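# Structural overview
Below are the chains, spelled out letter by letter.
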Amino acid sequence: MKKLIGCHLSSSKGYEAMAKQAMELGATTFQFFTRNPRGTKAKALDLEDITKFKEIWNTPYVAHAPYILNLCSKREDLRELAVDIIKDDLQRLTTIGCPYYNIHPGSHTQQGADIGIIQIADGINEILKVDTPVTFCLETMSGKGTEMGRTFDELKAIYDRIDRKDKIGYVLDTCHIFDGGYDIRTELDLVIDNFDRTLGIENLKAIHLNDSKNTLNSHKDRHEKLGEGNIGIDAIEHIVNHPRLKSLPFILETPNELNGYKKEIALIKNLSK
Ligand code: FE
Ligand code: FE
Ligand code: ZN
């Protein structure tokens, strides 16, 4: 099977154009924002464009929710806004045929993690009242500020309260978990075993492949180019070849322009056994 490696792309010129862009970069997967990452506006879908997109793209890819959505804001109106936008996103992704929707669980904004867990699960339960073919993925976070999803156990506590467990998946971000204190540089097997015991490796749907500008357990979340950060290229090589990870989609969110992504995609193909 061909290696699934790609990067974050923009859908602003349409979905067919995005798929062609991915192909030009040598990508076999990709990720895109469902709408403006720092806003809530979304363009109406062009069904003709989506038909053309589906004709030329057939490997799994990931949609990323906007950053500003917060399912556990202390403000009720913002929690409701997040639920509404996510419902709309899932409908759009159903039309597009996208298999995975990835979202940052939220930031508890000084309410405490226990309240955060309840509010996130309540929001997801409301969202998943409407059936969807899209897998709803929670991203592993670094624990910056009051960010939720900073440990596998915290994600499990959210999962435990969710009704439609069959619809839930995870996206593991290498920069985030390293900054969150999981030593994927020297203890990759232990970290993966921990993930499996806590969340189930079969629920892991994609990897965000990023190096980190910061050190283990820094709780910072600043991505670095592959091999130029504190995770390092040797660990990256182990990650992309790990028997329990290697067939997943790997998505770069490194600080690069398109040409830099092209080089990193080629690098990962070369490192893949
Ligand atoms: Fe993310
Ligand atoms: Fe990420
Ligand atoms: Zn990040």
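Residues numbered from 1 in each chain as written. Chains lettered and ligands numbered in written order. Predicted model: local features only at pLDDT ≥ 70, side-chain atom pairs only at ≥ 80, totals over all residues. Heavy atoms only, no water.

Among all positions in helix 2 (residues 47–56), only Asp49, Ile50 and Phe53 are buried. Looking down the long axis of helix 2, one finds its buried residues gathered within 95° of arc, a one-sided arrangement. Residues of helix 2 that are exposed and point over 90 degrees away from its buried face: Leu47, Glu48 and Glu55. In this structure, the buried side of helix 2 is in contact with helix 1 (15–24), strand 2 (29–33) and helix 3 (76–96). (Buried < 20%, exposed > 50% of the residue type's maximum accessible area, 1.4 Å probe, protein only. Helix = DSSP H or I, 4+ residues; strand = E, 2+ residues; numbered from the N terminus. Arc of directions from axis to C-beta. Contact = heavy atoms within 4.5 Å.)

So, about the coordination of the zinc ion (ligand 3). In this structure, His176 (NE2), Asp221 (OD) and His223 (NE2) serve as the protein donors to the zinc ion (ligand 3), at separations of 2.0 to 2.3 Å. Mapped onto the polypeptide sequence, the residues donating to the zinc ion (ligand 3) form the spacing pattern H-x44-D-x1-H. Between the zinc ion (ligand 3) and the iron ion (ligand 1), a spacing of 5.3 Å is present. Linking His176 in helix 6 (residues 174–179) with His223 in strand 9 (residues 223–224), this pair joins segments that are 47 residues apart in sequence. For the residue pair His176 and His223, the accessibility class agrees, reading buried in each case. (Donors = N, O, S within 2.8 Å, 3.2 Å for Na, K, Ca; no water.)

Now for the coordination of the iron ion (ligand 2). Taken together, Glu139 (OE), Asp173 (OD), His208 (ND1) and Glu253 (OE) make up the protein donors of the iron ion (ligand 2), found 2.0 to 2.3 Å from the metal. Each donor residue of the iron ion (ligand 2) belongs to the same chain, and together they define the spacing E-x33-D-x34-H-x44-E. A distance of 3.3 Å spans the gap from the iron ion (ligand 2) to the iron ion (ligand 1), which Glu139 bridges by coordinating each metal. With a gap of 114 residues between them, Glu139 in strand 5 (residues 135–139) and Glu253 in the loop between strand 10 (250–252) and helix 9 (258–271) connect regions that are remote in the sequence. Residue class for Glu253 comes out buried when judged on its relative accessible area of 14%.

Reading around the circumference, 1-2-3-4-5-6-7-10 is the order of the 8 strands in this closed barrel, with parallel pairing throughout. Recorded for the sheet is a direction-independent mean angle of 30° between the axes of neighbouring strands. Bridge analysis of strand 5 against strand 6 (residues 168–173) gives 4 bridges, and the strand direction is parallel. Note on strand 6: the bridge partner recorded for Glu139 is Val171. (Pairing = 2+ DSSP bridges. Axes fitted to C-alpha atoms, helices over the stretch in contact; angles between N-to-C directions.)

Let's shift gears to the packing of helix 1 against helix 2. Interhelical geometry of helix 1 versus helix 2 gives an angle of 30° and a closest axis separation of 7 Å. The angle between helix 1 and helix 2 places the two elements in the roughly parallel class. Judged by residue contacts, Tyr15, Glu16, Ala19, Lys20 and Met23 of helix 1 engage Asp49, Ile50, Lys52, Phe53 and Ile56 from helix 2. In terms of residue class, the contact of helix 1 with helix 2 is made up of 6 nonpolar, no polar and 4 charged. (Parallel < 35°, antiparallel > 145°, perpendicular 65-115°, else oblique. Nonpolar A, V, L, I, M, F, W, Y, C, P; charged D, E, K, R; others polar.)

Another aspect to go through is the packing of helix 4 (residues 113–127) against helix 5 (residues 152–160). Viewed as axis vectors pointing N to C, helix 4 and helix 5 meet at an angle of 45°, and their least axial separation amounts to 8 Å. With respect to their mutual orientation, helix 4 and helix 5 come out oblique. Of the two elements, helix 4 crosses helix 5, and the hand of that crossing is right-handed. Contact residues: helix 4 offers Ala113, Ile117, Ile120, Ala121 and Ile124, while helix 5 offers Glu154, Ala157 and Ile158. Classifying every residue of the contact of helix 4 with helix 5 by side-chain character gives 7 nonpolar, no polar and 1 charged. (Left-handed = near helix turned anticlockwise from the far one by under 90°.)

Most of strand 6 sits inside the fold, with 6 of its 6 residues counted as buried. Covered by surrounding structure in strand 6 are Ile168, Tyr170 and Leu172 together with Gly169, Val171 and Asp173, the residues of both alternating faces. One crossover worth recording links strand 5 to the parallel strand 6 by way of helix 5, and it is right-handed. Strand direction decides the pairing type here: strand 6 and strand 7 (residues 204–209), joined by 4 bridges, are parallel. (Right-handed = clockwise from strand over helix to strand, strands pointing away.)

Once that is clear, we can look at the pattern of salt bridges. One pass over the structure, following the stated rule, counts 15 salt bridges. Across the pair Asp77 and Arg75 runs a salt bridge, and its minimum N-O distance is 2.7 Å. We classify Asp77 as partly exposed; its relative accessible area is 42%. Overall, the relative accessible area of 45% leaves Arg75 in the partly exposed class. Taking the shortest distance from any N to any O, the salt bridge between Glu237 and Lys273 comes out at 3.3 Å. Within this pair, whereas Glu237 is found in helix 8 (residues 233–241), its partner Lys273 is found in the segment after helix 9, the two being separated by 36 residues in sequence. Take Glu237: its relative accessible area is 23%, and that puts it in the partly exposed class. Overlapping salt bridges bring together Arg35, Asp88 and Asp89 as one network. (Salt bridge = Lys/Arg side-chain N within 4 Å of Asp/Glu carboxyl O.)

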